[in-house]
Protein chains: 2
Amino acid sequence: MPIVSSKTAPATGFDRHNHRRCIQHGVRFATHACEQAGLQLTPARQRVLEILLSEHRAIGAYDILDRLREDGFNSQPPVAYRALDFLVQYGFAHKIERLNAFVACSMPEIQHAPAFLICRVCSVVAETHPELNRGALGKTARDAGFVMEQCVVEVEGVCPNCR
Amino acid sequence: MPIVSSKTAPATGFDRHNHRRCIQHGVRFATHACEQAGLQLTPARQRVLEILLSEHRAIGAYDILDRLREDGFNSQPPVAYRALDFLVQYGFAHKIERLNAFVACSMPEIQHAPAFLICRVCSVVAETHPELNRGALGKTARDAGFVMEQCVVEVEGVCPNCR
DNA sequence: GCGTAGATGTTATACTATATCATCTATGAA
DNA sequence: TTCATAGATGATATAGTATAACATCTACGC
């Protein structure tokens, strides 16, 4: 019998894991998806994705910019923001509004509205997909006649590793 | 038989209503609550609350600052941010992270974790309290061993009046 | 009188994000 | 080939959001 119910989505990011696979998988997936869709995963875009994939934490645009500079990329703000806009637009990354920062998507193969669990101690950000439409909030919205389009769900708290 | 189920919280803000009451009630409640708690609802704080209560929309700190200036208040940024920090800290207002802006709390008498329905057409922000702990997201967090402390839930879409 | 805590005044600065216009390159149509 | 177009990048400037830091004031209790 599984400890985690199969009816709710798990949160990915807190468990210890071979992180190189996250990076490899993320880049490989984006490469294929862009080829399929006729999108250009240019060097700057790929590098920003790699930077984001390098940790399960939210990274600010200006930190990304610093790392691009180290790698010899042009380092004016639009460089980072353009790459981030691209990655967010096509679902390879997400913005954490609460932190004004960005994370790589940890489940790009699944079409989903993300939700985030943010540890205030270690800053790790785990991602899940709660399908809020189905819960109380979805019912409230329907009852009110409100059509949900974009959802921001960001929960701050303490992760299992920091308790 | 009620159209809206009593099991889920309604969204307040989209329905037409006598808005003067929102302002009166909000200020009166805050006045009493501050007296009870030994907090100072100073002129600047009360004025910012009134400004926020003047519409069910999110207002940016610098717009608030402009209105304070018109009213003869000191208009340096810290004036607005300090008042907003106070109002947010004690639950009289909320920050909408997605918009970098603030709204008056529409149910200050209820201890709650708020969720917002934001109309992208008319910018009206309705507030509700979904108790996410009870739904799928709460289960995901518990299964992951994550302790939820602060929730940001902001849904963008189209309100009943704009459809 | 004196210390303290909370509030405000004041100046400066940090952090986040976008506008704008020029340039380059690949592609496909005329 | 030439041209037009779309997408990407280069480069400069600026807009928008938020806080640090330190001085001052005021009310209160001791």
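Residues numbered from 1 in each chain as written. Chains lettered and ligands numbered in written order. Predicted model: local features only at pLDDT ≥ 70, side-chain atom pairs only at ≥ 80, totals over all residues. Heavy atoms only, no water.

## Describing the confidence of the model for chain A
When the pLDDT values of chain A are averaged, the result is 94; 96% of them are 70 or greater. The low-confidence segment residues 1-6 of chain A (pLDDT under 50) makes three contacts with residues lying over four places distant or belonging to another chain. (pLDDT = per-residue confidence, 0-100. Contact = heavy atoms within 4.5 Å.)

## Digging into the relation of the copies chain A and chain B
In screw terms, the move from chain A to chain B is a rotation of 180° and a rise of 0.0 Å along the axis, fitting with an RMSD of 0.0 Å. Overall, the copies show the geometry of a two-fold rotation axis. When each C-alpha of chain A is compared by its distance to the rotation axis, Val 153 of chain A comes out closest, at 2.3 Å. Most of the interface of chain A is mirrored in chain B: 100% of its interface residues are interface residues there too. (Least-squares fit on C-alpha atoms with pLDDT ≥ 70 in both.)

## Side note on the protein's contact with DNA strand D
In the neighbourhood of DNA strand D, 14 residues make up the surrounding shell, with Thr 42, Arg 45 and Arg 82 of chain A together with Tyr 62 and Lys 95 of chain B lying closest. When atoms of DNA strand D within 4 Å of the protein are sorted by moiety, sugar and phosphate together comprise 50%. Between a base oxygen of DNA strand D and a side-chain N or O atom of Arg 82 of chain A, the distance comes to 2.8 Å. At 2.5 Å, a side-chain N or O of Lys 95 of chain B approaches a phosphate oxygen of DNA strand D. When contributions to the surface near DNA strand D are tallied by element, the ones reaching two or more residues are helix H4 (77-89) of chain A together with helix H4 (77-89) of chain B. (Near = heavy atom within 4 Å. Polar contact = N/O pair within 3.5 Å; in protein donor to acceptor, adjacent residues only side chain to side chain. Helix = DSSP H or I, 4+ residues; strand = E, 2+ residues; numbered from the N terminus.)

## Quick notes on the interface of chain A and chain B
The partner chain B presents 42 residues to the 42 residues of chain A that form the contact. The largest share of the area that chain A buries against chain B comes from Leu 137, Phe 146 and Val 152 of chain A, three residues that together contribute 18% of it. The partner of Arg 120 of chain A in a salt bridge is Glu 149 of chain B, and the shortest N-O contact between them spans 2.6 Å. Within the residue set of the side of chain A that touches chain B, elements represented by two or more residues are strand S3 (115-119), helix H5 (136-144) and strand S5 (147-158) of chain A. Taken together, the residues that form the side of chain A that touches chain B break down as 25 nonpolar, eight polar and nine charged. Of the pairings in the sheet, the one linking S5 of chain A to strand S5 (residues 147-158) of chain B comprises eleven bridges and is antiparallel in character. Within the sheet, the bridge partner assigned to Val 155 of chain A lies in S5 of chain B and is Cys 151 of chain B. (Buried area = accessible area lost by both parts, 1.4 Å probe. Salt bridge = Lys/Arg side-chain N within 4 Å of Asp/Glu carboxyl O. Nonpolar A, V, L, I, M, F, W, Y, C, P; charged D, E, K, R; others polar. Pairing = 2+ DSSP bridges.)

## A short note on the environment of Arg 142 of chain B
On the secondary structure map, Arg 142 of chain B appears in helix H5 (residues 136-144). The spatial distance from the C-alpha of Arg 142 of chain B to the C-alpha of Pro 130 of chain B is 17 Å, given a sequence separation of twelve residues.

## Description of the packing of helix H2 (residues 43-53) of chain A against H4 of chain A
All names here are of chain A. In contact at an axis separation of 9 Å, H2 and H4 are set at 75° when each is read in the N-to-C sense. If you check the angle between H2 and H4, you find them roughly perpendicular. Packed against H2, whose contacting residues are Ala 44, Arg 45, Val 48, Leu 49 and Leu 52, the element H4 presents Ala 83, Leu 84, Phe 86 and Leu 87 at the interface. Within the contact of H2 with H4, the residues separate by chemical class into eight nonpolar, no polar and one charged. (Axes fitted to C-alpha atoms, helices over the stretch in contact; angles between N-to-C directions. Parallel < 35°, antiparallel > 145°, perpendicular 65-115°, else oblique.)

## What to know about the packing of aromatic side chains
One pass over the full model with this rule turns up eight aromatic pairs over all chains. Taking the centre distance of 5.5 Å and the plane angle of 10° together, the rings of Phe 14 of chain A and Phe 146 of chain B count as stacked. On the criterion of chain membership, the pair formed by Phe 14 of chain A in the segment before helix H1 (19-37) and Phe 146 of chain B in the loop between H5 and S5 is interchain, its members lying in two chains. There is no split in this pair, since Phe 14 of chain A and Phe 146 of chain B are both buried. Grouped by ring-pair contacts, the aromatic residues Phe 86, Tyr 90 and Phe 92 of chain A constitute a single cluster. A cation over a ring is seen here: Arg 45 of chain B above Phe 86 of chain B, with NZ or CZ 3.9 Å from the ring centre. (Phe/Tyr/Trp six-rings, centres within 6.5 Å; stacked < 30°, edge-to-face > 60°. Buried < 20%, exposed > 50% of the residue type's maximum accessible area, 1.4 Å probe, protein only. Lys NZ or Arg CZ within 6 Å of the ring centre and 35° of its normal.)

## Observations regarding the pattern of salt bridges
Taken as a whole and assessed by the stated rule, the structure comprises 18 salt bridges over all chains. Within the structure, one salt-bridge network assembled from shared partners comprises Arg 47, Glu 50 and Asp 71 of chain A.

## Overview of the pairing of strand S3 (residues 115-119) of chain B
Residue and element names in this part refer to chain B. Counting buried positions over the five residues of S3 gives five, a clear majority of the element. Where S3 meets strand S4 (residues 125-128), four bridges bridge the pair, whose relative direction is antiparallel. Bridge pairing links Ala 115 to Thr 128 in S4.

## Overview of the protein's contact with DNA strand C
Within the structure, DNA strand C sits among 14 residues, and Tyr 62 and Lys 95 of chain A together with Thr 42, Arg 45 and Arg 82 of chain B are positioned closest to it. Within 4 Å of the protein, the contacting atoms of DNA strand C are 48% sugar and phosphate, with bases supplying the remainder. In the environment of DNA strand C, a phosphate oxygen lies 2.5 Å from a nitrogen or oxygen atom belonging to the side chain of Lys 95 of chain A. Within the side chain of Arg 82 of chain B, an N or O atom sits 2.7 Å from a base oxygen of DNA strand C. Mapped by element, the contributors of at least two residues to the surface near DNA strand C are H4 of chain A together with H4 of chain B. The element that contributes the greatest number of residues to the surface near DNA strand C is H4 of chain A, accounting for four residues. Of the residues that constitute the surface near DNA strand C, the class distribution is five nonpolar, five polar and four charged.

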